[in-house]
Amino acid sequence: MRKLLVTGGAGFIGSNFIQYLLGRKQEIELLVNLDLLTYAGNLENLKSVEHDPRYCFIQGDIRNRALVRKLFDEYGFDTVVHFAAESHVDRSIVEPELFLTTNIVGTQTLLDVAKNYWKIHPEDKYSREYRPGVIYLQVSTDEVYGALGRNGMFTETTPLAPNSPYSASKASADLIVRAYHETYGLPVNITRCSNNYGSYQFPEKLIPLMIHNALYDKPLPVYGDGMQIRDWLHVKDHCAGIVAVLEKGEVGEVYNIGGNNEKANLEIVRQILKELGKPDSLITHVQDRPGHDRRYAIDNTKITTHLGWKPSYTFEQGMAETIRWYLDNLDWVEHVTSGEYQKYYRKMYLLDT
Ligand code: NAD
Ligand code: DAU
């Protein structure tokens with residue numbers, strides 16, 4: 001029976017993960033969701049689990065050491081799954097500092113509290129003995145590897161070469177996780193996944209933004225020539241991959257999680273327009289993202305061969321389901337696209353929604 005601390009559980013992937021885990025795994029004794037509820041955190045995502053007696057929500061900051069320590073003391077976690085982050089590349093270009101404090105300092109705070117709580121002899125700096133079965137899992141990204149040309153794929157041994165303030169902050173966090181494993185022997189895993197899509201994704205990211213704008217006949221802002229390639233992973237396949245690592249992963253290892261779905265942005269935008277019966281004339285090419293990574297592609301041989309995980313969704317099936325979800329949840333879309341989001345949108349794109 002696990003006692004989990006999940007950070008950032010009110011965001012896109014975290015909320016899918018909590019629903020996935022509580023829906024499928026009876027051996028969860030307790031799951032505490034620590035989330036600051038920034039613009040990206042939304043408790044509406046978690047309505048289906050809010051009355052589950054195993055689930056508890058705490059609004060708070062991962063950088064607040066006293067709070068994190070208090071939660072460990074109170075709940076006795078044996079597992080940390082760390083999603084909380086500033087996650088949007090475009091925001092990191094205009095506000096890099098926030099990304100460094102949340103993504104780097106926040107990660108180090110969690111690692112440090114977990115180390116001190118889980119160590120059997122915390123006062124002994126040479127001791128590498130921990131309570132049995134404890135694990136800290138860092139949810140990272142393929143963006144830490146930088147960009148690919150036409151050929152090749154990222155493996156777990158590809159050197160880190162991040163290009164944006166966001167990816168640099170995630171790579172820094174990964175290196176700190178590694179350091180806590182090497183120096184203190186803390187049991188850790190790092191997962192690096194490709195672009196996720198699915199329900200509850202905030203409409204600042206490509207797929208939900210384009211669905212949203214197409215639905216309301218707004219321009220669809222495509223950066224540069226739109227021929228950048230991402231390797232799309234359905235969020236539920238990602239959740240299953242994280243569970244596979246928690247259950248079967250080798251301590252200290254990094255696992256890439258990718259969907260084997262390389263698509264150019266323009267191809268996706270056209271597919272969305274077609275499925276919604278909207279004209280291609282809504283596509284509006286806008287100035288390219290500074291430092292825009294041209295292509296990502298994940299080699300997922302390690303997780304498929306060592307842990308037996310593989311993606312279950314085809315892109316066609318996943319996209320049809322995702323578009324359906326947004327159509328069926330227009331209330332959710334309206335709530336997250338009001339207020340602050342409107343201001344952000346105007347600043348970022350110089351367009352009216
Ligand atoms: P998201 O932006 O949707 O959610 C982030 C969540 O973290 C929000 O609920 C927010 O309130 C919370 N948060 C932010 N700062 C916090 C703080 N200081 N303390 C506590 N909570 C805080 O992000 P997402 O898309 O769900 O991504 C989750 C994780 O997965 C991130 O670490 C991200 O880097 C990684 N990742 C995402 C993708 C993707 O395609 N979305 C791909 C690879 C990796
Ligand atoms: O690869 C994993 C990463 O995927 C995660 O680590 C990040 O948290 C997540 O945000 C995502 O980063 P990207 O920058 O790849 O995702 P985004 O949805 O912002 O953009 C996807 C592609 O679409 C990218 O090439 C930029 C382009 N794009 C994006 C937006 C928002 C556009 O052309 N127009 C847009 O308006």
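For the structure itself, consult the block above.
The rules behind each value
- Residues numbered from 1 in each chain as written.
- Chains lettered and ligands numbered in written order.
- Predicted model: local features only at pLDDT ≥ 70, side-chain atom pairs only at ≥ 80, totals over all residues.
- Heavy atoms only, no water.
- Near = heavy atom within 4 Å.
- Polar contact = N/O pair within 3.5 Å; in protein donor to acceptor, adjacent residues only side chain to side chain.
- Areas by Shrake-Rupley, 256 points an atom, 1.4 Å probe, with all protein chains shown as cover.
- Helix = DSSP H or I, 4+ residues; strand = E, 2+ residues; numbered from the N terminus.
- Core = buried A, V, L, I, M, F, W, Y, C linked by side-chain atoms within 4.5 Å.
- Buried < 20%, exposed > 50% of the residue type's maximum accessible area, 1.4 Å probe, protein only.
- Contact = heavy atoms within 4.5 Å.
- Pairing = 2+ DSSP bridges.
- Axes fitted to C-alpha atoms, helices over the stretch in contact; angles between N-to-C directions.
- Left-handed = near helix turned anticlockwise from the far one by under 90°.
- Disulfide = S-S within 2.5 Å.
- Parallel < 35°, antiparallel > 145°, perpendicular 65-115°, else oblique.
- Nonpolar A, V, L, I, M, F, W, Y, C, P; charged D, E, K, R; others polar.
- Phe/Tyr/Trp six-rings, centres within 6.5 Å; stacked < 30°, edge-to-face > 60°.
- Lys NZ or Arg CZ within 6 Å of the ring centre and 35° of its normal.

## Details of the site of ligand 1
Then comes step 1: Inspection of the region around ligand 1 gives 30 residues, with I13, D35, S87, Y166 and K170 positioned closest.
Then comes step 2: In this structure, an oxygen atom belonging to ligand 1 sits 2.7 Å away from a side-chain N or O atom of S87.
Then comes step 3: N196 is positioned such that a nitrogen or oxygen atom in its backbone is 2.9 Å from an oxygen atom of ligand 1.
Then comes step 4: About the coverage of ligand 1: the protein hides 96% of its 830 Å² of free accessible area.
Then comes step 5: Where the shell around ligand 1 is concerned, the elements lending two or more residues are α1 (12-24), β5 (135-141) and α5 (165-184).
Then comes step 6: Of all the elements, β5 adds the most residues to the shell around ligand 1, at three residues.

## Topic: the site of ligand 2
Then comes step 1: Near ligand 2 lie 24 residues; those nearest to it are T141, D142, Y166, R289 and H292.
Then comes step 2: A distance of 2.8 Å is found between an oxygen atom of ligand 2 and a backbone nitrogen or oxygen belonging to Y223.
Then comes step 3: With respect to ligand 2, the side chain of R289 contributes an N or O atom lying 2.6 Å from an oxygen atom.
Then comes step 4: In isolation ligand 2 offers 690 Å² of accessible surface; the protein chains occlude 95% of this area.

## What about the nonpolar core?
Then comes step 1: With 37 residues, the main nonpolar core has F72 and W118 as its most contacted residues.
Then comes step 2: Of all the secondary-structure elements, those providing two or more residues to this core are β2 (28-35), β3 (55-59), α2 (65-75), α4 (96-118), α5 and β6 (188-193).
Then comes step 3: Among the elements that take part in this core, α4 stands out by supplying six residues, more than any other.
Then comes step 4: Setting aside anything within four residues of it in sequence, one finds W118 in contact with F72, F77, D78, T79, V80, E129, Y130, R131, V134, I135, Y136 and L186.
Then comes step 5: Among the nonpolar cores identified, the runner-up in size contains 34 residues, and V6, F12, L31 and L246 belong to it.

## Some details on the sheet that holds β5
Then comes step 1: In spatial order, the strands read β3-β2-β1-β4-β5-β6-β11; together these seven strands make up an open sheet with parallel pairing. The sheet terminates laterally at β3 and β11 (254-257), the two strands that pair on one side only. Direction aside, the axes of adjacent strands within the sheet are offset by 20° on average.
Then comes step 2: Helix α7 (residues 235-248) contacts β1 (2-7), β4 (79-82), β5, β6 and β11 of the sheet and is inclined by roughly 145° relative to β5.

## Quick word on unusual backbone geometry
Then comes step 1: Although it is not a glycine, Y200 sits at a positive phi angle of roughly 70°.
Then comes step 2: Judged by its relative accessible area of 17%, Y200 is buried.

## Examining the packing of α2 against α4
Any two packed helices are characterised by how steeply their axes cross, that is the angle between the axes, and by the distance between the axes.
Then comes step 1: α4 packs onto α2 with a crossing angle of 35° between their chain directions and a minimal axis gap of 10 Å. Of the two elements, α2 crosses α4, and the hand of that crossing is right-handed. Two secondary-structure elements touch here, α2 through R65, V68, R69, F72 and D73 and α4 through Q108, T109, L110, D112, V113, A114, Y117 and W118.

## Regarding the state of the cysteines
Among covalent bonds in proteins, the disulfide is the one between the sulfur atoms of two cysteines.
Then comes step 1: This model, assessed by the stated rule, comprises zero disulfides.
Then comes step 2: The structure places no disulfide on C193, whose sulfur is separated from the nearest cysteine sulfur, that of C239, by 9.8 Å.
Then comes step 3: For C193, a relative accessible area of 6% corresponds to the buried category.

## Looking at the environment of H292
Then comes step 1: Inspection of the secondary structure assignment puts H292 in the loop between β13 (283-286) and α9 (301-307).
Then comes step 2: Judged by its relative accessible area of 16%, H292 is buried.
Then comes step 3: Between the alpha carbons of H292 and G249 there is a distance of 32 Å; along the sequence they are 43 residues apart.
Then comes step 4: The residues contacting H292, other than those within four sequence positions of it, are Y223, Q228 and R230.
Then comes step 5: A distance of 3.5 Å separates a polar atom in the side chain of H292 from a polar atom in the side chain of Q228.

## Some thoughts on the packing of α4 against α5
Then comes step 1: At a minimum axis distance of 9 Å, the contact between α4 and α5 shows a crossing angle of 15°. As judged from the angle between their axes, α4 and α5 are roughly parallel. Crossing of α4 over α5 shows right-handed handedness. For the pair α4 and α5, contact is made by P96, F99, L100, N103, I104, T107, Q108, L111, D112 and K115 and by P165, Y166, S169, K170, S172, A173, I176, V177, Y180 and Y184, respectively.
Then comes step 2: Residues of the contact of α4 with α5, tallied by class, amount to 12 nonpolar, five polar and three charged.

## As for the packing of aromatic side chains
Then comes step 1: Throughout the structure, instances matching the rule amount to 17 aromatic pairs.
Then comes step 2: Note on W325 and W332: the rings are 5.2 Å apart at their centroids and 70° apart in plane angle, and the pair reads as edge-to-face.
Then comes step 3: Residue W325 is classed as buried on the basis of its relative accessible area, which comes to 15%.
Then comes step 4: Aromatic side chains Y326 and W332 sit 6.1 Å apart centroid to centroid with 75° between the ring planes, which places their arrangement in the edge-to-face category. The same class applies to Y326 as to W332, namely buried.
Then comes step 5: Pairwise contacts between aromatic rings join F72, Y75, F77, Y117 and W118 into one cluster.
Then comes step 6: Taking the ring centre of Y39 as reference, the NZ or CZ of R91 above it sits at 3.4 Å.
Then comes step 7: If you follow K115 out to its NZ or CZ, it ends over the ring of Y184, 4.5 Å from the centre.

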